[in-house]
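# Understanding the architecture of this molecule
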Amino acid sequence: MQCYTELTPPTAVTHSLCLPFISAQSNNLIVARASLLQIFTTKSVSAELDKAQNAQLQSFRANEHYDSRINDDEGLEASFLGGDSVLVRSDRSNYTKLVLIAEFPLAGTITGLARIKSKTTASGGEALLLALKDAKLSMIEWDPEKNSINTTSIHYYEQEDLQGPPWAAPLSHYVNFLAADPGSRCAALKFGARSLAIVQFKAVEEDIDMDDWDEELDGPKPVKELSTTLANGTSSNEETPYSTSFVLRLPNLDPSLIHPVHLAFLHEYREPTFGILSSTTSPSLVLGRKDQLTYMVFTLDIQQKASTTILSVPGLPHDLFRVIALPAPVGGALLVGTNELIHIDQSGKSHGVGVNQFARQTTSFSLVDQADLELRLEGCEIEVMSAESGEFLMVLRDGRLAVITFRVDGRIVSGLSLRLIAPEAGGSIIPTGVATLSKLNKTCIFAGSEGADSLVVGWARKQGQSGKRKARLQDPSLDDIEMDDEDLEDLEDDDDLYGEDYVPAKQPSSSANTSGGKTGELIFRVHDRFTSIAPIKDFAIGQTVSSTKEDQANQISVRSDLSLVCACGEGNAGSIAVINREIQPNIIGQFEFPEARGFWTMTAQKPIPKALQGDKGATSISGEYETSAQYDRYMIVPKVDLDGYETSDVYALTGAGFEALTGTEFEPAAGLTIEAGTMGNHMRIIQVLKTAVHCYDGDFGLTQILPMLDEETGAEPRVVYASIADPFLLLVRDDASVFIAKIFKNLELEELENENSVLKSTKWATGCLYEDQSGIFAGIQSDKGAKANENIMMFLLSKAGALHVYALPDLTKPVFVAEGLPFVPPLLSANYAARRGTAKDIIKEILVADLGDMTSSCPYLIVRYDNDDVTIYQPFRTPSTTTQELSSTLQFQKLPNPVLADDPELPGDDEEDDIKRPTPMRRCGNVAGYKTVFMPGDSPSFILRSSKTLPKVLRLQGGGVRGMSSFHTEGCERGFIYADSKGIARVSQIPIRNTTYADIGMPLKKIPLGFDVQSITHHPPSGTYVLACDTHEPFELPKEDDYHKEWQQEKDLGFKPTAARSSIKLINPSTWTVIDTIELEPCEIVMCIETLNLEVSESTNERKHLITVGTAVSRGEDLPIKGRVLVYDIVTVIPEPGKPETDKKLKLVANEDIPRGAVTALSEIGTQGLMLVAQGQKCMVRGLKEDGTLLPVAFMDMSCYVTTVRELKGTGLCLMADAVKGVWFTGYTEEPYRMVLFGKSSTKLEILTVDFLPDGDQLFIVACDSDAGIHILQFDPDHPKSLQGHLLLHRTTFSAGAHPPTRSMQLPRTLPADSEYLTQNLNSGSTSTNSTDPDSPPAPPSLILFSSPTGSLSCLAALSEPQYRRLSFLTGQVLSSLPHHAALNPKDYRAPASSGVVGRYPPAVDAGVGRNIVDGALLAKWNELGAGRRAEIAGRVGFAGVDEVRDTLREVLGAAGLGYL
């Protein structure tokens, strides 16, 4: 069988919601990405700082130097006053950034989010209600004890008895949505055709229901039943935050609610009240009718399950599709249509505005005419900007911004109007439509998109400059308000014309207009962005070359052979994403350095000459002596020469490289450096050797030697591990003792007095120092963070595996002890205890380090095992009322990390064993803007985290690494230097231009193109890529048609529909720029584009890689569709001057018109260089003739619309997938030319893509349908049910869940030489092929790569029989060992859709024998289990041990099979 694994998480944002979730005071953004739930908090970063950091990151980007005077509307002033005044006139505004708190992959597809205020949550925050496909609800809240989410209630409405009549469509075919009451009394889930599930919650104001009780009239007041408290403090009355739910049929509320469109709960009602838009006629009957929608408002009495109709507004236009409840003071509901907006207030009074000329034609409803806006409102999103001033932000489907303004007189709405934001004011910063809008704070909104990067967008108001200055002088609190001095080019003559009179800005404390009311024009700008590669329209595998020969020589061993190049994004957000498995550094310089065993770079302060030391000390001395001599100045390199002789050398760093430093008191012969760094505020350089610690001043003058000598015993223990955190130094020695020293004001290093017997007697394995800047390890937590020098924490790991934490300089007793670290539990606390005999992991090293980027960083505990795997723990404090002690409030939570390290390569005989000396992990304060940890060894890796992701482990491309250090000089800013196991040293940088790492857990370079990319293919001979792009143009019916005279009248239509028109673009990957474009005819769309190896000459039989394009000419539904096949060659031409990349052009080789039907799919076929063309309802084999025509030689009649054709290379076996009629398996022969149908699947399948998966001597057919089902089919004429092979056999079906595969590609699979899959195949191959054909080797291993519209990549790979059995048992065990978020069942999530076409008609003749595809998402959670549980499960399911599980998982999971990426 096979294993399905997800390589990257989804990146499309489908839903979002802002609420206080973590605590009552927090401001959290919940983001749903199809099946991934993320919780963010907001963080304010000053715009000045943010730009400076970006400038620092970008300072080595070409031509992008940041100048703070750009956009400076008072640039004159700056030029008169000199440069310093630029700093004074800084940008006072803040940028709102998002920081990830936690993320949870769910076994379900999120279809809605709602916030529920609840008094009973453990955290004090609000609860979150999730709606999941098809009709499930889960209520979750934050659990501060576990630092995770907790499911408090689940509701399920997919039972048979709740569904409609037998002829109703399946549940998944309806639009199911969630709406919650703003007062949190109930929520409603509309599902099916007309069912409404009502979930009721305990209202927050339940204690006031008896206030109006009158004993004279109502009799004696009933005594409230006191709940008896049980021994453990729980109440006997079960207090749950919710009551039972019930299902209403909408026609029972009102007989006219037959076809509901949308509903929303309204604000400001005492009882839960919702407005619903519905119709009595079916939506398919609208032609020729007008205004048949009705808006009704119902109040629910939940106790009685009854309802009252408050108002009804009939005669509404039929194109309304959404109800939006508006908060006070506007109130009421906004109905959104495709051509108009209509507001209906609480009394039923309506105001509307038509936004294009069709509004007048489609409705007789009275609307204000704003037809000159010419807007299309399909797919728009609306969110509150300022409820007090009645302003709402609307994002249109093309990304343009508009503001809806309500005119409110007192409590009465007197009208509404729309205005577009001009592009220069930021009206076009969102490239395409959004899926969700959530307001984050007063001046900031989150725009989540399924087709582009999601953005945090902030706004400010333009004011007259003098007015703003006065306001600032009068009211210092105004500095908090976001008023951008940078973008306000308002220094026009207004001030001179009108003198100094201005409208004073209201103070923030005053009532309404906190956002400045309507005093000025709005300016929008981007504060933060989430990188997204959704939807992936198409992908290709190809080379990405660097531009110069010198670069290519440098990059040889650190570049992958191929890259995955995806066409992604919608509309103007179209872009190319280049994805690789491992980080590929930019090499600045490389050289042979075989003796180097490590590197330490440092910036040290030069000793100040006596002559300069005046009264002021070091403050007034020029920059040469400053600590902020930004760049690294020195590098210490420990070396081992060929004779095994150990030395250390010091080098001075220059702009481009480094040179040996001589004439100092540095002793090379003193031995091998274990650790080096600076202490005493950069005044002293510390070099730790095996036998002593040497201290030098900033010019390497020796100031102190601290020998390792035990005075009592005379022993000289060797240093094995050292850690520096100014002003402390920790050494761990080979006799398992520790040595802690401190540097004092006089810059002398002295050992700390150590009276603690525990510290002396315990055998220590390793340890580290950490400077706690966040205050998470502080004894008493305060908001101030921690003070300098009092926040150094010492983490020690004993030989027994216990973790001891000390707060230096206090060595008397540890502040926290965790004995259970070797058991690697999911939650590590001081009182964690494992059963006796539980298996442990062997820990080699621990390190506490900050991980993050410029926006946010926080500490993590990184545990490294002897097999180089790492576990990352996140520390958190549990809220405790009684104590603030670390031992009871500090806990460590294990984070998911599915990455498994490679097995170490066995050293050859000539290599000394000193190379195997473990190199410790290295903290790097700033590599390319990341605070990161580098792990040297056989699997060299960076642990990277951005503010919007969890920490991810990313491999460095190339072999093992012996030593590494950050490297920051003028020639290599924020880079690093490392020596690999072959003895080559490289000075390099992590590429960051357009590149992210932690977002998808792989290096991702995203190149924005700015046009809609539909498909992509790679042309290997020229190394270029060819794209098909769409632009939308106004569509007109052909004027020359004689039959349709009425078409002539359409020429007066002003607001024309648009139709796509394609163009073909050639892209050079050295610069990722378009170097040639071919425009196609109007209304001609590229359906498919492939690189085929075709025969170009019948006489010489020469073959050539040619670009083949299939198109469709679609001129509306009244005219038949035509097609074309275009064949292009890529030829070399003379490039444009100054642009060497423009040396290629597309040259037309053949152009064949297809009179009937579009060309929808193309493939190579056979062995003679012919092509298979799916044209209309036929598939034809065509050959390219020398005169540029395509000669048909064989054909087969097809059903409706062929989505994909695939050939098993060189065999003539073909697959054809139909959009509505399933899969055909056919064969093609060349003598004579003909096509034969072998077998078919069910004719009811809607197939999006299909591929072959060879597995040893078996051939499987993998078909993906529109319900995200992946069907495994097989052709077997010997099977009795297959009618001699006419019907394909159905082996199994697996659901891809929220990520339906839309594109697939069969690729070769890289496996280790000792792989179990390979050995099994060879064995079975040798036995089974003896009889038939002893020479044929088994098929090379392959896998299928899938892409989906959510931006997720996944793959399907074959397993050998033993692997399949053990891994399917393993998934069952993992399933029962881990908690399931939102109470969802992963097994059910992966089960095939039981409803819909697949449920009623099986995909083919069932021959599954109860087998299933193994779910790799569960296997990836293997590392989340504790060590004991892993050992127990491994033995139970038939593995020899945990190591064997590791080997199997490393072969199956992740992108391991794509070793060439």
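Just so you know, these numbers come straight off a predicted model, no measurement behind them. (Residues numbered from 1 in each chain as written. Predicted model: local features only at pLDDT ≥ 70, side-chain atom pairs only at ≥ 80, totals over all residues. Heavy atoms only, no water.)

## Structural notes on unusual backbone geometry
Cis geometry is adopted by the peptide bond preceding proline 535, which originates at alanine 534 and carries an omega value of -20°. Along the polypeptide, proline 535 turns up in the loop between β30 (522–530) and β31 (536–542). The omega torsion across aspartate 726 and proline 727 is 5°, close enough to zero to call that bond cis. At alanine 736, a residue that is not glycine, the phi angle is positive and equals roughly 65°. Relative to the helices and strands, alanine 736 resides in the loop between β44 (728–733) and β45 (738–743). (Helix = DSSP H or I, 4+ residues; strand = E, 2+ residues; numbered from the N terminus.)

## Considerations on the environment of lysine 1421
Its place among the elements puts lysine 1421 in the loop between α16 (1416–1419) and α17 (1427–1436). Discounting residues that sit within four places of it in the chain, lysine 1421 has contacts with Val1374 and Leu1378. (Contact = heavy atoms within 4.5 Å.)

## Things to note about the sheet that holds strand β41 (residues 692–696)
Judged by pairing direction, the sheet is antiparallel, and its four strands sit side by side in the order β39-β40-β41-β42 without closing on themselves. At either margin of the open sheet sits one strand with a lone partner, and together these are β39 (673–679) and β42 (702–707). The sheet shows a mean angle of 15° between the axes of neighbouring strands, direction not considered. Both β39 and strand β40 (residues 684–689) contribute to a ladder of six bridges, which runs antiparallel. Each bridged residue has a counterpart across the sheet, and for threonine 678 the counterpart in β40 is isoleucine 685. (Pairing = 2+ DSSP bridges. Axes fitted to C-alpha atoms, helices over the stretch in contact; angles between N-to-C directions.)

## Observations regarding the pairing of strand β56 (residues 922–927)
Direction of pairing for β56 relative to strand β57 (residues 930–935): antiparallel, over a ladder of four bridges. When the bridges of β57 are listed, valine 927 appears paired with tyrosine 930. Connecting the antiparallel pair β56 and β57 is a turn made up of two residues, with alanine 928 showing a positive phi of about 55°.

## Remarks on the side chain of threonine 96
Structurally, threonine 96 is set in strand β5 (residues 94–105). With relative accessibility at 5%, the residue threonine 96 sits in the buried group. Polar side-chain contacts of threonine 96 include one of 3.4 Å to the side chain of asparagine 441. With sequence-adjacent residues up to four places away left out, threonine 96 is seen in contact with Thr42, Lys43, Leu440, Asn441, Cys444, Val456, His527 and Asp528. (Buried < 20%, exposed > 50% of the residue type's maximum accessible area, 1.4 Å probe, protein only. Polar contact = N/O pair within 3.5 Å; in protein donor to acceptor, adjacent residues only side chain to side chain.)

## Description of the confidence of the model for the protein chain
Per-residue confidence for the protein chain averages 85 on the pLDDT scale, and 86% of its residues sit at or above 70. In the predicted structure, residues 206–211 sits below a pLDDT of 50 and forms three contacts with residues beyond four places in sequence or in another chain. Within the model, pLDDT remains below 50 along residues 223–237, and this stretch shows eight contacts once partners closer than five positions in the same chain are excluded. (pLDDT = per-residue confidence, 0-100.)

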